[in-house]
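# Close look at the chain arrangement
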Amino acid sequence: MVKRRVHVAAAAIISADGKDVLLARRPSNVDQGGLWEFPGGKLAPYETGLEALKRELHEELGIEIRRAQPLIRIHHEYPDKHILLDVWQVRDFVGEPFGREGQAVRWVPMTELFSYPFPAANLPILRAVMLPSEYLITDEEGDEALFDTRLERALKEDGVRLVQLRAKGLDDDAYVARAERALALCRQYGARLVINAEPEMLERVDADGVHLTSARLMTLERRPISEDKWLSASTHDKAQLDQAARIGCDFVTLSPLRTTPSHPEVPPIGWHDFQQLVERAGMPVYALGGMTRHDASHARAVGAQGIASIRDFWQ
């Protein structure tokens, strides 16, 4: 049986203070009725995703989009159809949204999103909405005082809200000591900390999650940590992206997008192949490898969650 292909544009509409997202409830008389979703609808013939989004949000919510940014594209298989969700982040709009078609709409704190029932195809969008566009990977800093200073500067002055603690040169006890100080700083500035370590390290450090190396990722048969923690992984090709999806990673880095000084012998992926891989990843993907803040908009335009970097954020 050939499945129907349905292309849908959807919006993650974010409040002015960045704390809430607008949800709409599906009518009870439609497929998956009663579930909550991100507002939007099917593309009409010859419409682009953004054109459809503008039309749908005006018809459904009575608002006019001033600016929208690509967030994530999700392919999802249902028994009778293939859905492509083309999701945009909307922060700049005119009007106060309300249910013009009689549907319930509600501003929901991001911290409460997972309490709402969604169609299965919407679940990766929840992760993308809750994650920032910049992902700091800490450097192999040998001076503990300098490490603390640089991390606090990134959190306080640059507004970094997602940090991976990478410190392969430290033994377990030294790593735990650094992780506890990093966690205290991240809590102070409202950031999340994931530790680049064995999953069992969460028993010693109550971080927000774990980052898996690509080698560690490929050895796993199932998700190694609980669902209430974030799981990320390093990936470099389609096989590793597929494995990350299989074990339930919440987000990944994909590298190297460009040739880097640390690994000059590794061929870069390049923007074109990066976009092809991200299209089918099914989860938020950060571009890594020679990235700077100047690349953030380009990365989002080709489907990435944003950029990950050591040098640009740390130094």
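Residues numbered from 1 in each chain as written. Predicted model: local features only at pLDDT ≥ 70, side-chain atom pairs only at ≥ 80, totals over all residues. Heavy atoms only, no water.

## Points about the domain arrangement of the chain
Here is the rule we go by: The split of the chain into domains comes from an automatic or database domain assignment. In this analysis, two residues are considered to be in contact whenever any of their non-hydrogen atoms come within 4.5 Å of each other. Here's the idea: put two parts together, see how much 1.4 Å probe accessible area each one loses, and the total over both is what we call buried area. Each reported salt bridge corresponds to a side-chain nitrogen of Lys or Arg within 4 Å of a carboxyl oxygen of Asp or Glu. Secondary structure is summarised from DSSP: a helix means a run of H or I of at least four residues, a strand means a run of E of at least two, and numbering begins at the N terminus for each. Lys, Arg, Asp and Glu make up the charged group, whereas Ala, Val, Leu, Ile, Met, Phe, Trp, Tyr, Cys and Pro make up the nonpolar group; the residues left over, Gly among them, are polar.
Assigned domains within the chain: domain 1 (4-130) and domain 2 (134-309). Computed from C-alpha atoms alone, the centre-to-centre distance between domain 1 and domain 2 is 27 Å. Domain 1 puts 15 residues into the contact, and the matching count from domain 2 is 13 residues. Taken together, both faces of the contact between domain 1 and domain 2 bury some 1,200 Å²; the carbon and sulfur share is 43%. Taken together, the links from domain 1 to domain 2 amount to 2 salt bridges. Sorting the residues of the side of domain 1 that touches domain 2 by element identifies strand E5 (64-77), strand E6 (81-94) and helix H2 (123-130) as the ones contributing at least two each. It is E5 that contributes the most residues to the side of domain 1 that touches domain 2, 7 residues altogether. Across the side of domain 1 that touches domain 2, the residue classes break down as 8 nonpolar, 4 polar and 3 charged.

## Considering the pairing of strand E14 (residues 285-288)
Keep this limit in mind: Relative accessibility under 20% of the residue-type maximum defines a buried residue, over 50% an exposed one, and the middle range a partly exposed one, all with a 1.4 Å probe and only protein chains included. In this scheme, strands are said to pair when DSSP sees at least two bridges between them. With the strands pointing away from the viewer, any crossover whose connection runs clockwise from the first strand over the helix to the second is right-handed.
In E14, alternate side chains face the same way, and those of Val285 and Ala287 on one face and Tyr286 and Leu288 on the other are all buried. Pairing geometry for E14 and strand E15 (residues 306-309), over 3 bridges, is parallel. Following the sheet pairing, Ala287 is matched in E15 by Ile307. A crossover links E14 with its parallel partner E15, the connecting element being helix H8 (residues 296-301), and its sense is right-handed.

## So, the pattern of salt bridges
The final tally for this structure, using the stated rule, is 25 salt bridges. Of the charged contacts in the structure, one is a salt bridge between Arg55 and Glu47, with a shortest N-O distance of 2.8 Å. A salt bridge links Asp250 to Arg127; the shortest N-O distance between them is 3.0 Å. Placement of Asp250 in the loop between helix H6 (238-247) and strand E13 (251-254) and of Arg127 in helix H2 is noted, with a sequence separation of 123 residues between them. Assigned by exposure class, Asp250 and Arg127 land together as buried. Each of Glu47, Arg55, Glu56 and Glu59 takes part in a single network of salt bridges with overlapping partners.

## Notes on the side chain of His211
Stated precisely, the cut-off is as follows: Nitrogen and oxygen atoms within 3.5 Å of one another constitute a polar contact, given that in protein one can donate a hydrogen and the other can accept it, and given that sequence-neighbouring residues count only through two side-chain atoms.
Mapped onto the elements, His211 comes out in strand E11 (residues 209-212). By relative accessible area, which is 1% here, His211 ends up buried. In terms of polar contacts, His211 uses its side chain to reach the side chain of Ser232, at 2.7 Å. Within the local environment of His211, its side chain forms a polar contact with the side chain of Ser234, the two groups lying 2.7 Å apart. Among residues more than four places away in sequence, those in contact with His211 are Tyr135, Gln164, Val194, Ile195, Asn196, Ala197, Arg216, Ser232, Ala233, Ser234 and Thr253.

## Re unusual backbone geometry
Residue Pro256 follows Ser255 across a cis peptide bond; omega there is -5°. The phi torsion at Tyr46 lies on the positive side, around 70°, for a residue other than glycine. The residue Tyr46 is located in the loop between strand E4 (40-42) and helix H1 (49-61) in this model. The exposure class of Tyr46 is exposed, given its relative accessible area of 84%.

## Some words on the pairing of strand E12 (residues 230-235)
Burial analysis of E12 places 6 of its 6 residues in the buried class, which makes it a mostly covered element. Neither face of E12 is exposed, since Trp230, Ser232 and Ser234 on one face and Leu231, Ala233 and Thr235 on the opposite face are all buried. Of the strand pairs in this sheet, E11 and E12 are connected by 4 bridges, and their pairing is parallel. Within E12, the position partnered with Gly209 by the bridge is Trp230. Relative to E13, E12 runs parallel, the two sharing 4 bridges. Bridging across to E13, Ala233 finds its partner in Val252. Handedness of the β-α-β unit built from E12, H6 and E13 comes out right-handed.

## Here's the deal with the side chain of Arg127
Note on Arg127: relative accessible area 19%, which makes it buried. In contact with Arg127, other than residues within four places in its own chain, are Phe114, Trp230, Asp250 and Pro284.

## Describing the sheet that holds strand E8 (residues 134-137)
As a reminder, the rule being used: Note on method: axes are straight lines fitted to C-alpha atoms, helices fitted across the in-contact stretch only, with angles between N-to-C directions ranging 0 to 180 degrees.
Taken together, 8 strands build a closed barrel; the order of strands is E8-E9-E10-E11-E12-E13-E14-E15 and the barrel is parallel. Averaged over all pairs of adjacent strands, the angle between their axes in this sheet comes to 25°, without regard to strand direction. Relative to E15, E8 is paired through 3 bridges, and the arrangement is parallel. Each residue of the ladder has a partner; that of Leu136, found in E15, is Ser309. The strands touched by helix H4 (residues 172-188) are strand E9 (162-165) and strand E10 (192-196); relative to E10, the strand with the most contacts, the crossing angle is about 165°.

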